[in-house]
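Examination of the molecular architecture
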Amino acid sequence: MGKSDDNTAEKAVDYHGLVRLFVVLYDDKGGLQCPMMWDADCEGALTAWWHPNPIATFPSRADARKAITISTKYAQLVKAQGKPENTDFTEFKKHLRVEELCLPNKQI
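We now turn to the structure provided with this report. (Residues numbered from 1 in each chain as written. Predicted model: local features only at pLDDT ≥ 70, side-chain atom pairs only at ≥ 80, totals over all residues. Heavy atoms only, no water.)

1. Brief notes about the pairing of strand β3 (residues 33–38)
The condition that has to hold: The classification of residues rests on relative accessible area computed with a 1.4 Å probe and restricted to protein chains. Under 20% of the type maximum is buried, over 50% is exposed, and intermediate values are partly exposed. Only runs of H or I of at least four residues qualify as helices and only runs of E of at least two qualify as strands under DSSP, and these elements are numbered from the N terminus. Strands are labelled as partners when DSSP assigns at least two bridges between them.
For β3, a buried count of 5 out of 6 residues is recorded, marking the element as mostly surrounded by other parts of the structure. Note: strand β2 (residues 18–27) against β3, 3 bridges, orientation antiparallel. Opposite D27, over in β3, you have Q33 as the bridge partner. The antiparallel hairpin formed by β2 and β3 contains 5 residues in its connecting segment, where K29 sits at a positive phi of about 60 degrees. One ladder, built from 3 bridges, connects β3 with strand β4 (residues 46–48); its direction is antiparallel. Among the inter-strand pairings, M36 is bridged to a residue of β4, identified as A48.

2. Brief notes about the environment of L103
Structurally, L103 is set in strand β5 (residues 96–104). L103 gets classed as partly exposed once you look at its relative accessible area, which sits at 27%. For the pair L103 and R20, spaced 83 residues apart in sequence, the C-alpha separation works out to 6.7 Å.

Following this line, the structure appears as structure tokens:
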């Protein structure tokens, strides 16, 4: 887990020509949905996606949840240091969810 998703597709399970990948989404149920990408400041942590960076993908739901845990702990550490933290992983963690994507294997 970390900055590069190069091997995620290799670890993903192939089901009849479809590859199952997982992404972490911020969804406030009010119209705002945003996928997550890797945080440049902390290996294994996530942050809200912005173009043109790649969206963080995971070969399993457990790996995606692990990234949420790392991101939460990193946000708590930054807050304890008196710096602005990523509130997506503290105050608004309830808006995070792991979604499954099934893509044709040839697109990966």
